[in-house]
Each structure stands twice: as C-alpha cells, then as structure tokens.
Amino acid sequence: MSMAYEEYMRQLVKPMRQELVQAGFRELTTAEEVEQFMENVSGTTLVVVNSVCGCAAGLARPAATQAVMANDKTPDHLVTVFAGQDREATAKMREYFVGYEPSSPSMALLKGKEVVHFIPREEIENQFIEDIIKNLTEAFNKHCS
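Description of the structure in this document. Quick caveat: nothing in here was measured; it's all calculated off a predicted structure. (Residues numbered from 1 in each chain as written. Predicted model: local features only at pLDDT ≥ 70, side-chain atom pairs only at ≥ 80, totals over all residues. Heavy atoms only, no water.)

Examining the pairing of strand β4 (residues 106–111)
Across the six residues of β4, five count as buried, placing the element largely inside the fold. Looking at chain direction, strand β2 (residues 44–50) and β4 are connected through six bridges and run antiparallel. Its bridge partner being in β4, Leu 46 is matched across the sheet by Leu 109. Pairing of β4 with strand β5 (residues 114–119), which is carried by five bridges, proceeds in the antiparallel orientation. Within β5, the residue paired with Met 107 across the bridge is Ile 119. (Buried < 20%, exposed > 50% of the residue type's maximum accessible area, 1.4 Å probe, protein only. Helix = DSSP H or I, 4+ residues; strand = E, 2+ residues; numbered from the N terminus. Pairing = 2+ DSSP bridges.)

This is the structure:
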C-alpha cells in the first residue's frame, strides 16, 4: 500500500476511533498492547471491535457508549480494537473470543479472559439501536457489579 493511502485511511478513521475513546474506551492498537492488557486483566471488560462500516457508525458505537453511560452496572474496563486498521491487535483480541467467528463490528463482554456475552455483526446490523442497548445492559446487569 502507498504511504498516501495509509495516511488517508488514518485520517478517515480518526473520528471513528475518537467516538469510543471520548466515551472512556481504551484503544489497543498493537498485538502487544492486547496481550499485555488481557494477560493482566481482572473483573469485567467490554471489548468493541470497531469498524468503518455504517452499522458501526450508526449502531455499534452509539449503542456501546449509551449502554455504558445509562446503566448503573457497567464493566470494570472498556477497550476497543479497530478491525481493518489495527489488524494485528484485532487478530490478537479475537484469539480470546474462543468459539466465536470473527465479526466486525462486534462486542464481547468478558469476565477475566472468558467471553460471557457476545454480540456479532448479525445482531447489530439492521437492528434498532434500542435493542442493541438493551442487549448490552441486560448482559451488564447479569455479569457486572
């Protein structure tokens, strides 16, 4: 890929990254960052696998941020990886999603390193945002303190 293309993509996705970061999500951009985080994590973690697609922009990111802001019970940690941009980080995070097919966007709620709730693209795309928020908050209420 050309350097011009890579720089264009970095600039294009900047607001897509910032939407989650501004809501309190920690962005993990390398496989090493993912591994360091996951090998030392305790408690619950919401992982958002971010994407440039419309369902990420119109549904996944807003649902994740609203669910976290609106619910009393929330995960201890909020992290995100960006599919198609930070490929190694995304691949490394997906190694922890045992039994789940790669999907972007997607969201995983983990207890320690174990996925206790997973929302694949199929449960995001063409859904109402309120239903995705409800899906997340029910998982938070069940698994978070």
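The discussion continues.
Section: the packing of helix α3 (residues 54–70) against helix α5 (residues 129–143)
Where α3 contacts α5, the axes come no closer than 9 Å and their chain directions differ by 45°. Considering their axes alone, α3 and α5 lie oblique with respect to each other. Pair α3 / α5 crosses with right-handed handedness. Seen from α3, the contacting residues are Gly 58, Leu 59, Pro 62, Ala 63, Ala 64, Gln 66, Ala 67 and Val 68; seen from α5, they are Ile 129, Ile 132, Ile 133, Leu 136, Thr 137 and Phe 140. Each residue belonging to the contact of α3 with α5 can be placed in one class, and the counts come to eleven nonpolar, three polar and no charged. (Axes fitted to C-alpha atoms, helices over the stretch in contact; angles between N-to-C directions. Parallel < 35°, antiparallel > 145°, perpendicular 65-115°, else oblique. Left-handed = near helix turned anticlockwise from the far one by under 90°. Contact = heavy atoms within 4.5 Å. Nonpolar A, V, L, I, M, F, W, Y, C, P; charged D, E, K, R; others polar.)

Some words on the side chain of Thr 137
Following the sequence through the fold, Thr 137 ends up in helix α5. Look at Thr 137 and you get buried, because its relative accessible area is 14%. Other than its neighbours up to four places away in sequence, Thr 137 contacts Ala 67 and Asn 71.

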